[in-house]
Every structure is written in structure tokens, then in C-alpha cells.
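# Breakdown of the fold
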Amino acid sequence: GDKVTGYLCFRTVLEQNDIKVETLSLVGTNTVPQDCSLLVVPGPRTAIPDAELDKIDQYLSEGGRMFALLNAGYTDRQSGLERILYGRWNVLVGESFVQDPENSLNTLKSAPGADIAIGAFSEHPAVKGLLGYNLDLIYPRPVLPTTPAESNADAPKVSILFATQPTATLAKNPKVKPRSYPLAVAVERPAVAGVVTGRGATRLIVVGDSFF
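Below is a summary of the structure that appears in this document. (Residues numbered from 1 in each chain as written. Predicted model: local features only at pLDDT ≥ 70, side-chain atom pairs only at ≥ 80, totals over all residues. Heavy atoms only, no water.)

### So, the sheet that holds strand β2 (residues 65–69)
Short version of the rule: Only strands joined by at least two bridges in the DSSP assignment are considered to pair. Only DSSP runs of H or I with at least four residues qualify as helices, and only runs of E with at least two residues qualify as strands; both kinds are numbered from the N terminus onward. Only the stretch in contact is used when a helix axis is fitted, and all axes are lines through C-alpha atoms; the angle between N-to-C directions ranges over 0 to 180 degrees. In this description, contact between two residues means that some pair of their heavy atoms is separated by no more than 4.5 Å.
With respect to topology, 5 strands assemble into an open sheet ordered β1-β2-β11-β10-β8, the strand pairing being mixed. Lying at the two open borders of the sheet, with one neighbouring strand each, are β1 (39–42) and β8 (157–163). Neighbouring strand axes in the sheet, compared pairwise and without regard to direction, differ in orientation by 10 degrees on average. Where β8 lies against strand β10 (residues 182–189), 6 bridges are found, and the strand directions are antiparallel. Its bridge partner being in β10, Ala-163 is matched across the sheet by Pro-182. Running at roughly 130 degrees to β2, helix α2 (residues 50–61) makes contact with β1, β2, β10 and β11 (202–207) of the sheet.

### What to know about the nonpolar core
Which entries qualify depends on this criterion: Nonpolar cores are built from buried Ala, Val, Leu, Ile, Met, Phe, Trp, Tyr and Cys residues. Side-chain atoms within 4.5 Å join them into one set. Classification of residues uses two cut-offs on accessible area relative to the type maximum, computed with a 1.4 Å probe and protein chains only: under 20% is buried, over 50% is exposed, and between them is partly exposed.
Counting residues in hydrophobic clusters, the biggest one holds 24 residues, and the most contacted among them are Met-66, Leu-81, Leu-85, Leu-204 and Val-206. Sorting the residues of this core by element identifies β1, α2, β2, α3 (81–89), β3 (91–93), β10 and β11 as the ones contributing at least two each. Residues within four places of Leu-85 in sequence aside, it is in contact with Met-66, Leu-70, Asn-90, Val-91, Val-93, Leu-204 and Val-206. Leu-135, Ala-168, Leu-170 and Tyr-181 belong to the second-largest nonpolar core, a separate cluster that totals 18 residues.

Shown next, in the form of C-alpha cells:
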């Protein structure tokens with residue numbers, strides 16, 4: 001229920017829309033349940049054990065859906081999801097965080113300029129309904145589509161959902177000229193022909209912040 005880090009309101013909205021919400025443990029022999037419609041990873045603070053990452057990786061490879069929110073508060077301790085996203089789904093989550101004082105609402109009085117206001121969204125169905133609204137992200141990490149080594153029909157399709165204005169910079173590399181940095185992407189990979197997964201197409205949304 002914490003105003004900044006909590007997800008109680010988000011959970012309530014899901015439940016009001018007839019979506020059952022449960023905390024998932026992947027310890028031991030536990031796997032992602034077959035009836036899981038969406039796996040939400042809301043801002044991991046520590047590294048996810050390799051055995052649990054393997055189960056998440058398997059779930060996604062079988063047509064799972066994941067909403068991953070990776071904030072900048074723990075960039076020195078990578079969650080492990082970054083490796084899967086880069087290696088299998090053509091998504092690079094940066095280790096630094098993005099700043100853009102010209103587009104900040106200064107919502108954190110203790111850290112002026114720590115937030116970035118986003119008002120431009122793509123036409124992707126995941127964010128099309130946000131047109132006309134603003135999102136306020138705190139110390140967001142860049143989330144970049146990468147170019148796969150081999151291009152084929154089964155390769156994941158990565159779409160940018162929203163990005164900063166061209167005035168943004170990387171906090172850990174201020175010498176790089178200001179540019180626009182994507183902060184969220186959607187990934188989709190159709191079901192592989194001839195392979196029965198039971199879940200359908202794999203879909204992911206990856207955001208470089210977990211507070212908005």
C-alpha cells in the first residue's frame with residue numbers, strides 16, 4: 001500500500017476487472033502455473049536465482065506473457081532478467097538511468113530533476129489509450145530494441161511504446177550528446193509453426209521503471 005513503491009491500487013484495478021491476482025513463488029519444484037495469463041515482475045530489488053530465471057525463461061519460450069518493470073535503484077545488482085531479455089528477446093535494458101531536466105515535473109523534492117514526464121506514446125494497443133495523458137517516471141532506465149544476429153520469421157518483434165524527448169542524457173555517461181531514449185517496449189513472437197505450446201504467442205512489455 002506504499003504510495004511510491006506499492007501496488008495495492010494496481011491490484012485492485014485488476015480485481016475489479018475480474019482478474020485473479022496471486023503472489024507467485026518459483027522456489028523448489030514450483031513452476032509458472034499453466035493458467036497464468038500474465039506474469040508481473042514489479043521492480044526486483046535483488047538478483048533472481050538462476051533456477052527461477054530458468055523457469056521464467058521456459059514460461060516465455062512456451063508462449064507466456066510478462067510485464068517486467070526494472071527500476072534504476074538496483075542497477076548495481078542486476079536482476080538477471082536483463083540477460084534473458086537481451087539474449088532471447090532482443091531487448092537491452094541499460095545499466096544507467098536517463099535524465100531530462102527540461103521535461104521534469106520535479107515530483108521528488110529531495111531530488112529535483114529525478115523524474116521524467118512522458119506525454120508522447122506510440123499507436124501500439126498497449127499504450128494507445130494513454131494518448132492525452134502523462135506518465136511520470138523516476139530515474140528510468142533506457143530500454144532499447146536490439147538487432148538480432150539472424151533475421152527470420154520467428155524472430156521477436158520489438159516495438160517502442162514511449163520514449164523521452166531529444167533532450168535526455170544518460171546519468172552515468174553525461175558526455176554523450178542529448179538524444180531520445182526509449183523507456184518501454186513491447187515484444188511479440190508468434191507461435192512457432194509445428195510446435196504446440198498451449199499458450200500461443202509470447203508477449204512482453206518491458207519498462208525501465210517500476211514507480212509510475
